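This is what each chain is made of:
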Amino acid sequence: MIKLLTVVGARPQFIKSAAISRSIAQDFSSEIKEVIVHTGQHYDPNMSDVFFTELSIPKEKYNLGIGSSNHASQTAQIMISLDKVVEDEKPSALLLYGDTNSTLAACLVAVKRHIPIIHIEAGVRSYNKKFPEEVNRIICDHMSSLLFVPSEDGMLNLEKEGCSAEETLPGNSLLLNAPNMYRCGDIMYDNTLYFSDKADVYFANLCQRYGLPENNFIMVTAHRPSNVDESRTLKNIIMFFHYAIDVLGKKIVFPIHPRTKKLIEQDTELSNLIEKEGIHCIPPISFIEMIGLEKNSDLVVTDSGGVQKEAYFMEKPCLIMLEETPWVELVESKKAKLVGHNYELLCEGAKFYLENKPSNFEPLYGDGASAKFICETILKNIKK
């Protein structure tokens, strides 16, 4: 039996891991044993524990309890604690997701111990190394044995960096400089499809709990430092809310991140602006509740990489409040626009999409069966 040590530490990783854990339980429990390590990178129960419960993710065997810190300290602490776990568990491989400090730390621990690395969501690139996530995913991709790539753009990115779509890794081998890469689709799409019907019930409950509109609204999330660490930039976003209400006739549903809430509470002008009728600020919500909001919205506005894709899965147009996105295929499809925190671009983008509702959302991210493909491929390649 293969033993996979799955390392997660942030909200998107909890959600992604649910698809693989579910596939293992349904189809591969006699061949794959999964041991989950929670680094504690996200330590707020509202941002962590709820996802384990709601998505039926198996309880972690280890919680490293690292918490928030600067990049160097956080990465180092995870490495020290995780190395002890790896020594005790002696896994067949480490299963890593995305681009967080937890992913980077686990990658370094594994490669130093000559343990195969399986990287899910490989090949994603923004081509801007000012973002720590970009550095993390590049390092992890090039240290991995198996790369699972969500889209064609990701495959092209890896080919530019010297990887090949041809299988170069013989079974039971460790050729770290020649990883096998597979276009598998996006496991987030697996989850979105799996929980879509359940999301309708969650949405109804959410509307009742907070008095939210059931239609005719724009769903917004904002948490990136570039948007919510300065009053000036956050004011642009809130003023866009006013435009959407007064000019476009839409209400705003705004699940508010703790980081964003903190700045608003410290700034009297922002506090007054956010009180406008039609702006519905609610606490952080779960993944299934988020799907429900996206599914029933007219437009999604976000600076979250995951929410960008979820909007596409739900066939909703999206304004991306960043200067660039690693999910370039969303912009290329013309179903999403990059607007940053620019007030004029936010207003123009919202008006355009509300007047020109996109259709024909191509299957950019697979067929919703990525997790099963990943498990089957792991079994073919990783030594028992």
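Residues numbered from 1 in each chain as written. Predicted model: local features only at pLDDT ≥ 70, side-chain atom pairs only at ≥ 80, totals over all residues. Heavy atoms only, no water.

Examining the overall build of the protein
Along the backbone of the protein there are 16 helices and 13 strands. Rg of the C-alpha trace for the protein: 21 Å, near the compact-globule value of 21 Å for 384 residues, within the 12% margin. C-alpha extents for the protein along the principal axes are approximately 60 × 40 × 40 Å. Buried residues in the protein amount to 57% of all 384 residues. Looking at the protein alone, contacts between residues at least 24 apart form 73% of all its contacts between residues at least 6 apart. Counting only carbon and sulfur atoms, one obtains 49% of the accessible surface of the protein, whose full area is about 16,200 Å². Taking the average place of the 40 positive charges on the side chains of the protein and the average place of its 51 negative ones, the gap between the two points comes to 3 Å. (Helix = DSSP H or I, 4+ residues; strand = E, 2+ residues; numbered from the N terminus. Rg over C-alpha atoms; globule rule 2.2 N^0.38 Å. Buried < 20%, exposed > 50% of the residue type's maximum accessible area, 1.4 Å probe, protein only. Contact = heavy atoms within 4.5 Å. Areas by Shrake-Rupley, 256 points an atom, 1.4 Å probe, with all protein chains shown as cover. Lys, Arg positive; Asp, Glu negative; His and termini not counted. Charge placed at Lys NZ, Arg CZ, Asp CG, Glu CD.)

Side note on the packing of aromatic side chains
Inspection of the entire model under this criterion finds 14 aromatic pairs. Ring geometry for F148 versus Y182: centroids 5.7 Å apart, planes at 20°, classification stacked. Of the two residues, F148 is situated in strand β6 (residues 146–149) and Y182 in strand β7 (residues 180–183); the sequence distance between them amounts to 34 residues. Judged by centre distance (5.2 Å) and plane angle (70°), the rings of F241 and F254 are edge-to-face. With F241 in helix α9 (residues 231–246) and F254 in strand β9 (residues 251–255), this pair connects stretches of sequence that are 13 residues apart. Classification of F241 as buried rests on a relative accessible area of 0%. Residue classification places F254 among the buried residues on the basis of a relative accessible area of 0%. Taken together, Y189, Y312, F313, W327, F361 and Y365 form an aromatic cluster joined through their ring pairs. The ring of W327 carries K309 above its face, with NZ or CZ at 3.8 Å from the centroid. (Phe/Tyr/Trp six-rings, centres within 6.5 Å; stacked < 30°, edge-to-face > 60°. Lys NZ or Arg CZ within 6 Å of the ring centre and 35° of its normal.)

Looking at the pattern of salt bridges
Scanning the model with the defined rule gives 23 salt bridges in all. The shortest N-O distance in the salt bridge between E89 and K3 comes to 2.9 Å. Placement of the pair is E89 in helix α3 (residues 71–89) and K3 in strand β1 (residues 2–8), with a sequence separation of 86 residues. The residue E230 makes a salt bridge to R232 at a minimum N-O spacing of 3.2 Å. One network of salt bridges, with partners in common, ties together K16, E121, D186 and K309. (Salt bridge = Lys/Arg side-chain N within 4 Å of Asp/Glu carboxyl O.)

Quick word on unusual backbone geometry
A positive phi angle is found at N216, which is not glycine, with a value near 60°. Residue placement: N216 occurs in the loop between α7 (187–210) and β8 (217–220). A positive phi is found at E315, a non-glycine position, where the angle reads about 60°. Structurally, E315 can be placed in the loop between α13 (305–313) and β12 (318–320).

Structural notes on the packing of helix α12 (residues 287–296) against α13
Relative orientation of the contacting elements α12 and α13 amounts to 50°, with a least axis distance of 10 Å. Put simply, α12 runs oblique to α13. Of the two possible hands of crossing, α12 and α13 adopt the one that is right-handed. Contacts from F287, M290 and E294 in α12 reach V307, E310 and A311 in α13. Its residues placed into classes, the contact of α12 with α13 shows 4 nonpolar, no polar and 2 charged. (Axes fitted to C-alpha atoms, helices over the stretch in contact; angles between N-to-C directions. Parallel < 35°, antiparallel > 145°, perpendicular 65-115°, else oblique. Left-handed = near helix turned anticlockwise from the far one by under 90°. Nonpolar A, V, L, I, M, F, W, Y, C, P; charged D, E, K, R; others polar.)

A few points about the nonpolar core
Counting residues in hydrophobic clusters, the biggest one holds 62 residues, and the most contacted among them are I20, I118, F148, L293 and I378. Ignoring anything within four residues of it in the chain, the contact list for I378 reads I2, L4, I118, L146 and F148. Counting residues in hydrophobic clusters, the runner-up holds 30 residues, among them I279, L299, V301 and Y353. (Core = buried A, V, L, I, M, F, W, Y, C linked by side-chain atoms within 4.5 Å.)

With respect to the sheet that holds β9
The 6 strands lie next to each other as β10-β9-β8-β11-β12-β13, forming an open sheet whose pairing is parallel. Every interior strand has two partners, whereas the edge strands, β10 (279–282) and β13 (336–338), have only one. Pairwise comparison of adjacent strand axes, ignoring direction, gives a mean angle of 20° for this sheet. As defined by bridge partners, β9 adjoins β10 across 4 bridges and the pair is classed as parallel. For I252, the partnering residue across the bridge sits in β10 and is I279. (Pairing = 2+ DSSP bridges.)

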